[in-house]
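Summary of the model geometry
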Amino acid sequence: MRGKTELCEPVGEPEDGADSERKMIPPTYKPKKKFMQLAIAEAKRARDRGDYPIGAVITRVVGKQEVVIASAGNRVKTSGSSIKHVELETLKYVSSGYGRYLPDFVLYSTHEPCAKCAGACVWSKIGAVVFGVSQEDITAYGKKHGTEEFKWRACLISCKFVLEKGALRIPVFGKFLRPECRKLFGYPPKL
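Let me sum up the structure you'll find in this document. All values derive from a computational prediction rather than experimental measurement. (Residues numbered from 1 in each chain as written. Predicted model: local features only at pLDDT ≥ 70, side-chain atom pairs only at ≥ 80, totals over all residues. Heavy atoms only, no water.)

1. Here's the deal with the overall build of the chain
- The number of helices and strands found in the chain is 7 helices and 5 strands.
- Going residue by residue from the N terminus, the α and β elements of the chain occur as α-β-β-α-α-β-α-β-α-α-β-α.
- Per-residue burial over the chain gives 50% buried out of 191 residues.
- Across the chain, contacts joining residues at least 24 apart in sequence account for 70% of those joining residues at least 6 apart.
- A total accessible area of about 9900 Å² is found for the chain, and carbon and sulfur atoms account for 56% of it. (Helix = DSSP H or I, 4+ residues; strand = E, 2+ residues; numbered from the N terminus. Buried < 20%, exposed > 50% of the residue type's maximum accessible area, 1.4 Å probe, protein only. Contact = heavy atoms within 4.5 Å. Areas by Shrake-Rupley, 256 points an atom, 1.4 Å probe, with all protein chains shown as cover.)

Next comes the structure, spelled out in structure tokens:
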């Protein structure tokens, strides 16, 4: 997680063509506070380096255990690329170590994945998505408090809608730890 990439190294062997052996996340899955709290910590680190305070964590569920595979903060502003959303970057990273399909993985994000990132979830066949604030929360905040430097734009297409249109029927848990994630909008960077 630390270092230049700010992502964890993959644990275990890559899954080359073993997709049929991997289990989907069950609909009875319960999101864990500790993983969203890690995403919140990553969001704060992103803000401290001058970026949008958005964090993501990808976990893998193996039997009754769930382990962190990757965690990172947003890099849209600091990379100079409007497409370097943290959800997309962590999905790319995990796919590079575990294969193109991730049915036994969970994406935690402090902010609802946009249509682009939700589309990446469809293509990677992610097992579940957990997010804090919604696209509506992001838009409302941006309209009231957005600046030229931090616009807080959102695409009002829900993550769940994109997943369903992509024929990916998976557990989606919105507004998980929402109050804590909403505080990230006003998180002051460390000086």
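Once the structure has been displayed, the description carries forward.
2. So, the sheet that holds strand β4 (residues 128-133)
- Read from one edge to the other, the open sheet built from 5 strands follows the order β2-β1-β3-β4-β5, with strand pairing classed as mixed. Edge positions in the open sheet fall to β2 (65-73) and β5 (172-173), since each of these has one partner strand only.
- Relative to β2, strand β1 (residues 55-62) runs antiparallel, the two sharing 8 bridges. Considered in β2, the bridge of Ile 58 is made with Ala 70. (Pairing = 2+ DSSP bridges.)

3. Focus: the pattern of salt bridges
- Using the criterion set out here, one finds 6 salt bridges in the structure.
- Arg 178 serves as the salt-bridge partner of Asp 137, at 2.6 Å between the closest nitrogen and oxygen. Linking Asp 137 in helix α5 (residues 135-145) with Arg 178 in helix α7 (residues 178-182), this pair joins segments that are 41 residues apart in sequence.
- For Asp 137, a relative accessible area of 11% puts it in the buried group.
- Via salt bridges that share partners, Lys 84, Glu 89 and Lys 92 belong to a single interconnected network. (Salt bridge = Lys/Arg side-chain N within 4 Å of Asp/Glu carboxyl O.)

4. Describing the packing of aromatic side chains
- Overall, the coordinates contain 4 aromatic pairs when judged by the stated rule.
- Relative to Phe 185, the ring of Tyr 141 lies with its centre 4.5 Å away and its plane at 10°, an arrangement referred to as stacked. Here the residue Tyr 141 occupies a position in helix α5, and Phe 185 occupies one in the segment after α7, the gap between them amounting to 44 residues.
- Accessibility expressed as a relative area gives 7% for Phe 185, which makes it buried. (Phe/Tyr/Trp six-rings, centres within 6.5 Å; stacked < 30°, edge-to-face > 60°.)

5. Observations concerning the side chain of Thr 90
- Here Thr 90 lies in helix α3 (residues 86-98).
- By relative accessible area, which is 0% here, Thr 90 ends up buried.
- A polar contact is formed between the side chain of Thr 90 and the backbone oxygen of Glu 87, at a distance of 3.1 Å. (Polar contact = N/O pair within 3.5 Å; in protein donor to acceptor, adjacent residues only side chain to side chain.)

6. Considering the environment of Tyr 108
- Topologically, Tyr 108 is positioned in strand β3 (residues 105-111).
- With relative accessibility at 0%, the residue Tyr 108 sits in the buried group.
- Between the C-alpha atom of Tyr 108 and that of Met 36, which follows or precedes it by 72 residues, the distance is 6.1 Å.
- Every residue in contact with Tyr 108, bar those within four places of it in the chain, is listed here: Tyr 29, Pro 31, Lys 32, Phe 35, Met 36, Gly 55, Ala 56, Val 57, Thr 59, Glu 66, Val 130 and Phe 176.

7. Brief notes about helix α1 (residues 33-48)
- If you check α1, its first and last C-alpha atoms are 23 Å apart, about what 16 residues at 1.5 Å a residue would give, namely 22 Å.
- Regarding α1, the residues found buried are Phe 35, Met 36, Ala 39, Ile 40, Glu 42, Ala 43, Ala 46 and Arg 47. Taken down its axis, α1 places every buried residue within 160° of arc, on the same side.
- Of the surrounding elements, those touching the buried residues of α1 are β1, β2, β3, β4 and α7. (Expected span 1.5 Å × (residues − 1). Arc of directions from axis to C-beta.)

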